[in-house]
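Single-letter residue listing:
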Amino acid sequence: MTDQLAYQVTIEELAALMKRTAGVHVEPETLRAQADDGFDTFGLDSLGLLGIVAELEKRYGLGLPEQAERCKTPADFLALINGALKTGV
């Protein structure tokens, strides 16, 4: 078993992934304050979110739940992703 399963994706990492994979720049503080707003508020579309999911799957070497690609808010996305990383599913 690897340490990555206990790993948690932070707001800061999500902001960095949004910039690197989708070209969407948002400050972590803004993302934290507006975590319940839709990704579209920040200019991230479904294709951008798919890129983030693919990057995380590659990074951790496991498939993430299909629902990750359909999350509407950063808060929902982080809850789902971190839950999957915690359980290894």
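Residues numbered from 1 in each chain as written. Predicted model: local features only at pLDDT ≥ 70, side-chain atom pairs only at ≥ 80, totals over all residues. Heavy atoms only, no water.

Structural notes on the nonpolar core
One finds Leu 14, Met 18, Leu 31, Ile 52, Leu 56, Phe 77 and Ile 81 to be the most contacted residues of the largest nonpolar core, which totals 26 residues. Elements with a minimum of two residues in this core: α1 (11–22), α3 (46–60) and α4 (74–87). In contact with Ile 52, not counting residues within four places along its chain, are Leu 14, Leu 17, Met 18, Thr 21, Leu 44 and Phe 77. (Core = buried A, V, L, I, M, F, W, Y, C linked by side-chain atoms within 4.5 Å. Buried < 20%, exposed > 50% of the residue type's maximum accessible area, 1.4 Å probe, protein only. Helix = DSSP H or I, 4+ residues; strand = E, 2+ residues; numbered from the N terminus. Contact = heavy atoms within 4.5 Å.)

Quick notes on α3
In a regular helix each residue adds 1.5 Å, so 15 residues correspond to 21 Å; α3 covers 21 Å between its end C-alpha atoms and thus fits that length. What α3 keeps buried is the set Gly 48, Leu 49, Ile 52, Val 53, Leu 56 and Tyr 60. One side of α3 holds all its buried residues, which, seen down the axis, span an arc of 145°. The outward face of α3, more than 90 degrees from its buried face, is lined by the exposed residues Leu 47 and Lys 58. Looking at the buried positions of α3, the neighbouring elements they touch are α1 and α4. At the N-terminal boundary of α3, the capping side chain belongs to Asp 45, with an oxygen 3.3 Å from the backbone nitrogen of Leu 47. (Expected span 1.5 Å × (residues − 1). Arc of directions from axis to C-beta. Polar contact = N/O pair within 3.5 Å; in protein donor to acceptor, adjacent residues only side chain to side chain.)

Regarding the packing of α1 against α3
As a packed pair, α1 and α3 sit with axes 9 Å apart at the nearest point and diverge in direction by 110°. If you check the angle between α1 and α3, you find them roughly perpendicular. Crossing geometry of α1 relative to α3 is assigned as right-handed. Across the interface between the two elements, Glu 13, Leu 14, Leu 17, Met 18, Arg 20, Thr 21 and Ala 22 from α1 touch Gly 48, Gly 51, Ile 52, Glu 55, Leu 56 and Arg 59 from α3. For the contact of α1 with α3, a count of residues per class yields six nonpolar, three polar and four charged. (Axes fitted to C-alpha atoms, helices over the stretch in contact; angles between N-to-C directions. Parallel < 35°, antiparallel > 145°, perpendicular 65-115°, else oblique. Left-handed = near helix turned anticlockwise from the far one by under 90°. Nonpolar A, V, L, I, M, F, W, Y, C, P; charged D, E, K, R; others polar.)

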